[in-house]
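Tertiary structure, described
Take a look at the letters that make up each chain.
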Amino acid sequence: MTERKITIEHCNAVDRAEISITENRLNIKYGPNGIGKSTIAKAIVSASKGNDDLANLLPFKHRGSVGDEKPTVTGVDGISEVLVFDENYVSQFTFQRDEVVKNSFDIFINTEDFQSDQAGIEELFSGIKSSFKDSAEIDQAITNLRGLRDAFSVTQGGKLTKSSKGFKAVGSGNPVENIPPALAGFKDFIQSENTPKWITWQASGNAFLDLSDNCPYCASSLKDDGKKEIATEVSRKYNSKSVEHLNALQEIIGRLGKYLSSDAKEKLDDITKSKTDLSPEQATFLVNLRSTVGTLLLKLENLRSISFQKLKDISTLDDEIKNLKIDMTLLEGVDTEETRGVVDPINTQIDELCEKIGQLIGKVNIHKQKIAKAIEKNQTHINGFLAAAGYKYSVQILSEDETYKMKLVHDDFEGHLDAASDHLSYGERNAFALVLFMHEVRRKKPDLAIFDDPVSSFDKTKKFAIFQQLFRGKDGIRDTTSLMLTHDLEPAIDIIKVAGEKWKTAENELPIASYLSSSAGVVTEQVITPDDIKTFSEICRENVAQSDSKIIKCIYLRRHFEILGQKGLEYNLLSCLLHGRQSPDMMDDGEIRQLTDAEITEATKGIRDLYPDFCYTEILGIVLDVDQLKRLFSEAIAGYEKLQIFRIISERGNSGVELADDGQKNILKKFVDEAFHVENEYVVQLNPREFDSVPRYVIDGLSASIGVI
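Now for a description of the structure that goes with this document. (Residues numbered from 1 in each chain as written. Predicted model: local features only at pLDDT ≥ 70, side-chain atom pairs only at ≥ 80, totals over all residues. Heavy atoms only, no water.)

Here we have nine strands laid out as an open sheet, ordered β4-β1-β2-β11-β10-β3-β9-β8-β5, and mixed in their pairing. For this open sheet the edge positions go to β4 (72-74) and β5 (82-85), each flanked by a neighbour on one side alone. Between one strand axis and the next, the sheet turns through 20° on average, direction left out of account. Set on the sheet, helix α1 (residues 37-49) makes contact with β1 (3-11), β2 (14-22), β3 (26-30), β4, β5, β8 (448-452), β9 (482-486), β10 (512-519) and β11 (522-528); between it and β1 the angle comes to about 105°. On the sheet, helix α18 (residues 426-444) packs against β5 and β8 and is oriented at approximately 170° with respect to β5. (Pairing = 2+ DSSP bridges. Helix = DSSP H or I, 4+ residues; strand = E, 2+ residues; numbered from the N terminus. Axes fitted to C-alpha atoms, helices over the stretch in contact; angles between N-to-C directions. Contact = heavy atoms within 4.5 Å.)

With that settled, consider the environment of Lys534. Its place among the elements puts Lys534 in strand β12 (residues 533-535). Here Glu542 takes part through its side chain, which lies 2.5 Å from a polar atom of the side chain of Lys534. (Polar contact = N/O pair within 3.5 Å; in protein donor to acceptor, adjacent residues only side chain to side chain.)

To continue, consider unusual backbone geometry. Across residues other than glycine, the phi torsion is negative in most instances, and most of the peptide bonds are trans. Of note in the backbone geometry, Asp453 takes a positive phi value of approximately 50° without being a glycine. Structurally, the position occupied by Asp453 is in the loop between β8 and α19 (460-472).

Turning our eyes to something else, we now look at the nonpolar core. Of all hydrophobic cores here, the largest spans 59 residues; its most connected members are Ile109 and Phe451. Ranked by the residues each element gives to this core, the list is headed by α18, at nine residues. Excluding its chain neighbours within four sequence positions, the residues that come into contact with Phe451 are Phe85, Leu434, Phe437, Leu470, Phe471, Ile477, Ser482, Leu483, Met484 and Leu485. Listed in part, the 52 residues of the second largest apolar core include Leu124, Leu145, Leu286 and Leu300. (Core = buried A, V, L, I, M, F, W, Y, C linked by side-chain atoms within 4.5 Å. Buried < 20%, exposed > 50% of the residue type's maximum accessible area, 1.4 Å probe, protein only.)

Here the focus is the side chain of Lys37. You can see Lys37 is positioned in helix α1. The charged side chain of Lys37 is buried without a salt bridge, its nearest counter-charge being Asp453 at 5.2 Å. Within the structure, the side chain of Lys37 is placed 2.9 Å from the backbone oxygen of Pro32, a separation counted as a polar contact. Not counting residues up to four positions away in its chain, the partners in contact with Lys37 are Lys29, Gly31, Pro32, Leu485, Thr486, His487 and Leu516. (Lys, Arg positive; Asp, Glu negative; His and termini not counted. Salt bridge = Lys/Arg side-chain N within 4 Å of Asp/Glu carboxyl O.)

Right, let's talk about the environment of Gly476 for a bit. Among the secondary structure elements, Gly476 is positioned in the loop between α19 and β9. Non-local contacts of Gly476, meaning those with residues more than four positions away in its chain, are made with Met438, Arg442, Gln469 and Leu470.

Dropping the structure here:
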């Protein structure tokens, strides 16, 4: 068992925090809100990364100063990878419309075992892939084939689309090759390397022809021989974009030439140099050539990216492999010696793969069985958690688009829910994220997994189900070094007290719980043992016996009767005492009446069973003495006790106690009047004398209000 001591200094509101983490265990750190638990998590993560993030935690009181108070974290040596579950982790999961969370494949399927099997299968395709690897010729051939295919698009009816670049280039003949006699003087410009730019330049000047009879370029006269008409004819006859498309098409054909049959090249040459519009026969030829080129291109592209994922059906795998071969006799337009020089080596590799088809089928079959087993295991695991937690959702992991996606299903609906985020509540998304986090931890095996208040939004049933899955189940992360920071005592109760040794299956697996407290920015921890978690009735009896203060004894004793539901004579007598009543009374049938002497005697006898020295009049004198109460407030060892004494003081009419009417007033009143009424209704909890859970600022506020330093 290795225990790591971590010290954090000058981070946000934490001046200093010292915590211990035992490796390969769950470490629960329980403490009230506002104590700095999230800061502790951020500091550890920043320190493990070794970047500048830690500097961002510098407290505001030190910003702008030149002192040595810089954020520091010690004790994280050897911690390089930390995974954190917090609100940011939940929000980072984008619930897609077609899967519960993105990257389902990476989270649930793409394990090291999967990758190893995949590599074994891919090795059988290595011969085919080697034909493509580092082959500039094949890459260039694919690029040129793609260029010719993309130049001509085809309608659903099998006709050339007039909007395609290729049709715009040759659909109306080749005006560059066939210059009208009237424009023969422009030949050098029309047939230059920069014809499109020249056409654009020439057309831009035509806008100024009406301003003068002189040429807008050279200022020579345009009056004679229809020179203006000749200048504008260039723009009417030539379109810069069409010429640009024509040049691009001719360049592609030139590069692709050796892969085209002589007949195909001759017909393409006629089309690209034609004086007239594209004829129906020429259009049909272009459609057929495009189809042939597209077929060869598709074969080459599929072979270049061949993988296990593209071969889904084992029963037809033999035929699928054979169909990978390229039959050049059926691709007449591209059946040339040069094309065969590219294709034949690939076909040879496919033939060699066919000889290993039995081995390939065996590997694929084993791989798919493992995937099916992984899918079943993950589905069962997640759906078991959802059912145990009372959710009416389940998941299915399905093969889709050469990957695997997790789909969401509801018990009351057939089929998959397309948009998980539209249906899942915050708590449900939080639950899904927790399960996914567990899988990520199992896969990445970080040095430390941090849970920042992971389950406080769940009810008891869901908390129990989550803890079972995360830290006790065989598929959980019970061997991972984990730090859980929470303001919820129930995790410690469930794991340390209730489950106890049931969680322990090996010497290093029993979780450790600690209580975090803070005073003046210094956070310390106390280990919580099973014996520290008691019923509040036990705590009250224990504190009655241990306390030296008569008032404190009565406070706990009154709570003892209250928590047991025994609001009879003893409870009423103690209540009257703490409220400072000279004559004890009680509510009876909706009306207040005085206790009889016999009832007071009986109540006193019941109280003395637990507090033998109890004397109503003696303690009443203390209750009515504000100075004594203030002294008791100062001497009280626990915040809870100070809180209760403050309530007694505030009821004294002449005490002069009044909470300052500022921003803290409502918060302090909540602690005084409400918070600990609810807190003490837990079945079991920690002794407030030993684990002080009242924030320091509350005590300071109450102290100031009664003038106690």
